[in-house]
Amino acid sequence: MFDTAREFPLGAATTLAELATDPHPRLALLLGAEPVSWVPELGGWLVTRRDLVLEVMRAAEVYTVDDPRFTTARVVGPSMLSTDGPEHARHRGPFADPFRARDVSERFARVIAEETDLLLGPLRGRGTAELRREVAGPLAVAVVAAALGLVEADAAAVLSWYDRIVRAVDDLTAGRPADPEGAVAVGQLRGSVEATLAERRESILVAAAEGGLGVPEVVSNAAVLMFGGIETTEGMIANAALHLLSHPEQLELVRRDPGLVDNAIEESLRLEPAAAVVDRYATRDTQLGRARIRSGDLVVVSIAGANRDPAVFPEPDRYDVRRANARGHLAFAHGPHFCLGAHLARLETRTCMLALLGELPGLRLDSEGSAPPRGLVFRKPLAVRVLWDQHAE
């Protein structure tokens, strides 16, 4: 057994608390000196340099998600999130077409615009709001509910299932027994999926069943879509609003040229990806950088670290809505597990940001009521409190 404190002193000194609160200074140190480092508190390797992160995410045959320790699969069953190779293609394939860029626009643009308008309507006369809980979260839930098209399952039902499934996954990740309500929620989701398949209404779930997936597999992938579509999209919208409103000079650039909003969103994703890390498990002994990875080792890919690699992004800690290569971030992962819902999440965030800037005059951050992003895996601000001018001409 290697002497981790001697070979990887920065990794040995890295704490989960630090990674969950303000990870970026520590990640920068690791990237510069120990780009693949053993972190005892993670119980695995942490990879921070962009080229090495890409190497891990591209090589599913060496670094897999298909491992009994993968907690989401233990709660919802095998899915596109927890399989690799031909099995992964079988799970993911039936869902691919509805989430292509053109199909996303045709299917969801109107729904997103209507839901955004519904959420902003009651706020317009108030002059203040907390954007994460009052806009970003409810919009993400409503769009997922619309995307799944489940029989007798409104946004409230979808949110209830999601909350209980996530709690069960979190319990297992923390080494506790899973909250039994997680299994109850999966059962309720299955009932709605079965009713939807029996009715054969137009739905991406019906299309997946027709594409060869069995009912348990449709259920597990529906749960994965709920998880990704709610948690990460809420974080993406909240982070984008916080970044832009925290930088008045950058906000003014976007106000003068709304065409910059897309790049502003990409730059936010680079600075603070909603999913900061992804887990892989080594299938064999291998070498990554100067680290000797052993078969079965946990390999944690730091998307947050890779997105601030100074070799790719000069002045990596600076928020710049005009950054030419902002879209080179890895916030949606890479390789076979590139986020299926990337186009949908971008459309939701773009629609929401343009509506906020266009309909709430003088929109600005209330720094007293806001908080920075935090979270070990999923990073988003606890609150994004904003103010605007109620009686502007």
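Located above this text is the structure these notes cover.
Since this is a predicted model, take the numbers as computed values, not measurements.

## Focus on the overall build of the chain
A count of helical and extended segments in the chain gives 17 helices and 12 strands. Relative to the compact-globule value of 21 Å for 393 residues, the chain shows a C-alpha radius of gyration of 21 Å, a close match. Overall, the chain is about 70 × 55 × 35 Å in size when its C-alpha atoms are taken along their principal axes. Here the chain holds 393 residues, and the buried ones make up 55% of them. Looking at the chain alone, contacts between residues at least 24 apart form 70% of all its contacts between residues at least 6 apart. Accessible surface for the chain amounts to roughly 16,600 Å². Of this, 54% is attributable to carbon and sulfur atoms. Separation of charge centres in the chain, based on 43 positive and 55 negative side chains, amounts to 2 Å.

## Looking at the pairing of strand E2 (residues 44-47)
It is a general feature of regular strands that their side chains alternate between the two faces of the sheet. Bridge count for strand E1 (residues 36-39) against E2 is 4 bridges, and the pairing is antiparallel. Looking across to E2, one finds that Ser-37 is bridged to Leu-46. The hairpin turn running from E1 into E2, its antiparallel successor, is 4 residues long, and Gly-43 in that turn takes a positive phi close to 70°. Bridge count between E2 and strand E8 (residues 298-302): 3 bridges; the pairing is parallel. Among the inter-strand pairings, Trp-45 is bridged to a residue of E8, identified as Val-299.

## A short note on the packing of helix H9 (residues 131-148) against helix H17 (residues 342-359)
Where H9 contacts H17, the axes come no closer than 11 Å and their chain directions differ by 140°. Taken together, the axis directions place H9 and H17 in an arrangement best described as oblique. Where H9 crosses over H17, the two elements pack in a sense that is right-handed. Across the interface between the two elements, Leu-131, Val-135, Leu-139, Ala-140 and Val-143 from H9 touch Leu-344, Glu-348, Cys-352 and Leu-356 from H17.

## Side note on empty space enclosed by the protein
Within this structure, the stated rule accounts for 2 cavities of 30 Å³ or more. Counted as a void, the largest cavity has a volume near 40 Å³. Lining the largest cavity are Thr-72, Val-76, Ile-165, Val-169, Ala-223, Val-224 and Phe-227. Breaking the lining of the largest cavity down by element, the ones donating at least two residues are helix H6 (71-76), helix H10 (155-173) and helix H13 (215-245). Among the elements that take part in the lining of the largest cavity, H13 stands out by supplying 3 residues, more than any other. A class-by-class count of the residues in the lining of the largest cavity yields 6 nonpolar, 1 polar and no charged.

## Digging into the state of the cysteines
Simply put, the disulfide is a covalent bond whose two ends are the sulfur atoms of two cysteines. As enumerated under the stated definition, the model contains 0 disulfides in all. Lacking any disulfide linkage, Cys-339 is separated from the closest cysteine sulfur, that of Cys-352, by 18 Å. Here Cys-339 falls in the partly exposed class, since its relative accessible area comes to 30%. Here Cys-352 falls in the buried class, since its relative accessible area comes to 0%.

## So, the nonpolar core
Among the nonpolar cores identified, the biggest contains 88 residues, and Leu-148, Trp-161, Ile-165, Leu-189, Leu-205 and Met-226 are the most heavily contacted of them. Ranked by residue count, the leading element in this core is H13, at 17 residues. Apart from residues lying up to four places away in sequence, Leu-189 is in contact with Leu-150, Trp-161, Val-219, Ala-222, Ala-223 and Met-226. Val-62, Ala-282, Ala-306 and Ala-333 belong to the second-largest nonpolar core, a separate cluster that totals 24 residues.

## Quick word on unusual backbone geometry
One non-glycine residue, Glu-315, lies in positive phi territory at about 45°. For Glu-315, the position within the fold is in the loop between helix H16 (303-306) and H17. Since its relative accessible area comes to 52%, Glu-315 is described here as exposed. We note that Ala-333 has phi near 70°; this positive angle belongs to a residue other than glycine. Position of Ala-333 among the secondary structure elements: in the loop between H16 and H17.

## Some remarks on the sheet that holds strand E5 (residues 277-282)
Within the open sheet, the 5 strands sit side by side as E1-E2-E8-E5-E3. Their pairing is mixed. Edge positions in the sheet fall to E1 and strand E3 (63-64), since each has one partner strand and no second. Of the strands in this sheet, E1, E2, E3, E5 and E8 are in contact with helix H5 (residues 50-58), which crosses E8 at around 125°.

## Observations concerning the packing of helix H8 (residues 101-120) against H9
Packing of H8 against H9 brings their axes to within 10 Å, and their N-to-C directions diverge by 145°. As for the relative orientation of H8 and H9, their crossing is right-handed in sense. Counted together, Phe-108, Val-111, Ile-112, Glu-115, Thr-116, Leu-119 and Leu-120 of H8 and Glu-134, Val-135, Pro-138, Leu-139, Ala-142, Val-143, Ala-146 and Ala-147 of H9 form the full contact between these two elements.

## Brief notes about the side chain of Gln-250
With respect to the secondary-structure elements, Gln-250 resides in helix H14 (residues 248-256). When sequence neighbours within four positions are dropped, the list of residues in contact with Gln-250 reads Leu-244, Tyr-319, Asp-320 and Val-321.

## So, the pairing of E8
Buried residues dominate E8, accounting for 5 of its 5 residues. Residues Leu-298, Val-300 and Ser-302 point to one face of E8 and Val-299 and Val-301 to the other, with burial holding for every one of them. The pairing of E5 with E8 spans 5 bridges and is classified as antiparallel. In the sheet register, Arg-280 faces E8, and the bridge partner there is Val-299.

About the thresholds
- Residues numbered from 1 in each chain as written.
- Predicted model: local features only at pLDDT ≥ 70, side-chain atom pairs only at ≥ 80, totals over all residues.
- Heavy atoms only, no water.
- Helix = DSSP H or I, 4+ residues; strand = E, 2+ residues; numbered from the N terminus.
- Rg over C-alpha atoms; globule rule 2.2 N^0.38 Å.
- Buried < 20%, exposed > 50% of the residue type's maximum accessible area, 1.4 Å probe, protein only.
- Contact = heavy atoms within 4.5 Å.
- Areas by Shrake-Rupley, 256 points an atom, 1.4 Å probe, with all protein chains shown as cover.
- Lys, Arg positive; Asp, Glu negative; His and termini not counted.
- Charge placed at Lys NZ, Arg CZ, Asp CG, Glu CD.
- Pairing = 2+ DSSP bridges.
- Axes fitted to C-alpha atoms, helices over the stretch in contact; angles between N-to-C directions.
- Parallel < 35°, antiparallel > 145°, perpendicular 65-115°, else oblique.
- Left-handed = near helix turned anticlockwise from the far one by under 90°.
- 1 Å grid on protein atoms, 1.4 Å probe; cavity = no way out; pocket = protein on both sides within 12 Å on 5 of 7 lines; lining within 4 Å.
- Points joined across faces, edges and corners; volume = space filled by probe spheres on them.
- Nonpolar A, V, L, I, M, F, W, Y, C, P; charged D, E, K, R; others polar.
- Disulfide = S-S within 2.5 Å.
- Core = buried A, V, L, I, M, F, W, Y, C linked by side-chain atoms within 4.5 Å.

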